[in-house]
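# Structural description and commentary
Here are the chains, one letter per residue:
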Amino acid sequence: MDISELQRIYAGHPNVRALAAQLENSSVRSIFLGGLHASASSLFLSSVIDTSPRSFVFILGDVEEAGYFYHDLIQINGEKNVLFFPSSYRRAIRYGQKDAANEILRTEALNRLQKQEPVCIVTYPDAIAEKVVSQKVLAEKTITLSIGQCIGTDVLMDMLAEWGFEQVDYVYEPGQYSLRGSIVDVYSYASEYPYRIDFFGDEIDSIRTFEVESQLSKERKDSISIVPELAFMQSGEYVSFFRFLKDDAVIGMKDFLWIRERIDAVHEETVSKQALEAADEIQREDLLRMNNRLMDGSPFTSDVLEFRRMEFGNKPTGHPQATLTFDVVAQPIFHKNFDLVSSTLDDYVQKGYTLYICTDSEKQAKRLKDIFEERGDAITFTYVNKTLHEGFTDN
C-alpha cells in the first residue's frame, strides 16, 4: 500500500472534517486537538494541509522533534510544499557558527512566503527566535527571471556580482555563478539545486535546474527567483518571521508556553552579561549586533496571538474556543523483544484492529511476515511503503 492510501483512509476521520469546518470559521481563533500522540498528529494534520488553501506553520519543541515531524509530513505529502525552517546556526546561537545549508532552507522558506504561496513550514523555538530581513529588503535583493525575458548575460552577471555572488569556473555551492558562452549557471540561496540559464542573444531561451556532480538537468522552469545570502542583506531592518505570513495562516504548536520560555532562554543566553564577558572583542561586537536580531518571548506571544492557533500537546494553553478529542495511544517500546511484538500485535488482531506496518523496504515487510508464519502467529498486516517516526494505536 502506498502511504497516500493510508492518508486517504485517515482523511475519512470525522475530526478531519470537523477541523476543516473550524478553520473555515474565522471567529474560531484557537483549537485544541486533544489526545493526538506520536505520528498520528502528522498523519492527521497532513490531510488537513492537503485540502486547505492557507499556509500552516508548525512549531515543535526542539530541532529533533521538528525534524521527525517534518520527515513524517514529507513522507506523506511530498517535499514540494512542505519546508523546514531551521536556525541559521550550527550550534547554539551564542557560538556564532553559521550553517550554510540551514541558511539555504531559511531563505527558501522566506522566498516562498514572499510569493504568498500556501505552504507548510516546520520549525522550532531557536529558529523562530532569530529575526529575518524584511519583505521589502528581500524583494529588493531578489532577481526574478523568466523565459522570453530580455536581460543579457552582461547585465545579469553585473547584478549577481553586486548582490555578492562569486564568479567561478563551475558552480558547486550557493552564492556562485559562472559563464560559458551563452549559458549562465547560478546557485541561488533559495534553491536546493543550481539553475542553468541559456540565452539566445539577450533573450532567456530556457531555464532548468541541474545536479552539481553529474551536471545533468533535472527540471525545466518557466521562471525563477535568485536570492543572495541573507547575511549579505545588512540593512539593519530585521523583523519577526511572522511578518511574512498572510492573515489567514494557521500556527500549530505542541506547547505554547514551553516555546515562549525557550525563545526567552535563547535571547538571554546569547546576549546575557555572562556571555558578553566570556567573549573576545570581535565576538562581543557580534553578540551586541545579534541583540537586534533576536526576539524574546514577549513579541513572540504578541505575534502568535495575531493568528489562528492549533495546539496538539498534552493540554491546552488557556481556554481554546474549540476542542477535538482523539483516542490515540503511542506505540509501546518493544526493545527488539519479538515475543512482545507478537503478543501485542496478536492482541490487536483478536480485538478486531487493522494493522498497518510502515517500512521503506518491501523485503523487510516480507521477512516480518515470514517470521510470523514460522512462529505460527496468525498475524496479518498491510504493508505501507513509507516510514513514520513513531507508531500509534487509534482506538
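Described in the following lines is the structure provided in the data block. (Residues numbered from 1 in each chain as written. Predicted model: local features only at pLDDT ≥ 70, side-chain atom pairs only at ≥ 80, totals over all residues. Heavy atoms only, no water.)

## As for the packing of aromatic side chains
Following the criterion strictly, the structure yields 16 aromatic pairs and no others. Their ring planes at 55 degrees and their centres at 5.2 Å tell us that tyrosine 348 and tyrosine 353 sit as a pair that is tilted. Owing to a relative accessible area of 19%, tyrosine 348 belongs among the buried residues under this scheme. Between the aromatic rings of phenylalanine 372 and phenylalanine 381, the centroid separation amounts to 6.2 Å while the plane-to-plane angle is 75 degrees, which identifies the pairing as edge-to-face. Summarising the burial analysis for this pair, phenylalanine 372 and phenylalanine 381 share the class buried. These aromatic residues form a ring-pair network of at least three members: Phe85, Phe241, Phe242, Phe256, Phe300 and Phe307. Against the face of tyrosine 193 rests lysine 218, its NZ or CZ located 4.7 Å from the ring centre. (Phe/Tyr/Trp six-rings, centres within 6.5 Å; stacked < 30°, edge-to-face > 60°. Buried < 20%, exposed > 50% of the residue type's maximum accessible area, 1.4 Å probe, protein only. Lys NZ or Arg CZ within 6 Å of the ring centre and 35° of its normal.)

## Let's talk about the pattern of salt bridges
Two side chains that carry opposite charge are able to pair once their charged atoms sit near each other. Applying the stated rule across the entire model yields 18 salt bridges. For the salt bridge of glutamate 219 with lysine 221, the shortest nitrogen-to-oxygen distance reads 3.7 Å. For glutamate 306, the salt bridge identified is with arginine 243, shortest N-O distance 2.9 Å. Pair noted here: glutamate 306 is in the loop between α12 (297-304) and β16 (308-311) and arginine 243 is in the loop between β14 (238-239) and β15 (250-253), with a separation of 63 residues, a long-range link. According to the relative accessible area criterion, arginine 243 is partly exposed, its value standing at 33%. Salt bridges here are not isolated pairs; linked through shared partners, they connect Asp126, Arg262 and Glu269. (Salt bridge = Lys/Arg side-chain N within 4 Å of Asp/Glu carboxyl O. Helix = DSSP H or I, 4+ residues; strand = E, 2+ residues; numbered from the N terminus.)

## Thoughts on the environment of phenylalanine 372
Positionally, phenylalanine 372 belongs in helix α14 (residues 362-375). You can call phenylalanine 372 buried: its relative accessible area is 1%. The spatial distance from the C-alpha of phenylalanine 372 to the C-alpha of serine 342 is 7.7 Å, given a sequence separation of 30 residues. Beyond its immediate stretch of four places on either side in the chain, phenylalanine 372 contacts Phe338, Ser342, Leu345, Asp377, Ile379 and Phe381. (Contact = heavy atoms within 4.5 Å.)

## A few points about the sheet that holds strand β8 (residues 176-180)
Pairing between the strands of a sheet is mediated by backbone hydrogen bonds and can be parallel or antiparallel. Spatially, the six strands line up as an open sheet ordered β7-β8-β9-β10-β11-β12, and their pairing is mixed. Lying at the two open borders of the sheet, with one neighbouring strand each, are β7 (166-167) and β12 (217-220). Summarising the sheet, strand β11 (residues 203-210) and β12 pair through three bridges and their orientation is antiparallel. Within β12, the residue paired with phenylalanine 210 across the bridge is serine 217. Of the strands in this sheet, β7, β8, β9 (183-186) and β10 (195-200) touch helix α8 (residues 153-162), which is tilted by about 160 degrees from β8. (Pairing = 2+ DSSP bridges. Axes fitted to C-alpha atoms, helices over the stretch in contact; angles between N-to-C directions.)

## Let's talk about the side chain of glutamine 176
Positionally, glutamine 176 belongs in strand β8. Owing to a relative accessible area of 1%, glutamine 176 belongs among the buried residues under this scheme. Looking at glutamine 176, its side chain comes within polar contact range of the main-chain nitrogen of tyrosine 172, at 2.8 Å. The residues touching glutamine 176, leaving out its near neighbours within four places in the chain, are Phe165, Glu166, Val168, Tyr170, Val171, Asp185, Val186 and Tyr187. (Polar contact = N/O pair within 3.5 Å; in protein donor to acceptor, adjacent residues only side chain to side chain.)

## So, the sheet that holds β16
Reading across from one edge, β3-β4-β2-β15-β16-β1-β17 is the order of the seven strands in this open sheet, with parallel pairing throughout. Two strands bound the open sheet, and with one partner strand each, they are β3 (82-84) and β17 (322-325). Looking at each pair of strands side by side, their axes are set apart by 20 degrees on average, direction ignored. The sheet contacts of helix α4 (residues 63-77) involve β2 (56-59), β3 and β4 (120-123), and relative to β3 the element is tilted by about 160 degrees. Along the sheet face, helix α5 (residues 100-114) touches β3 and β4 and points at about 135 degrees away from the line of β3.

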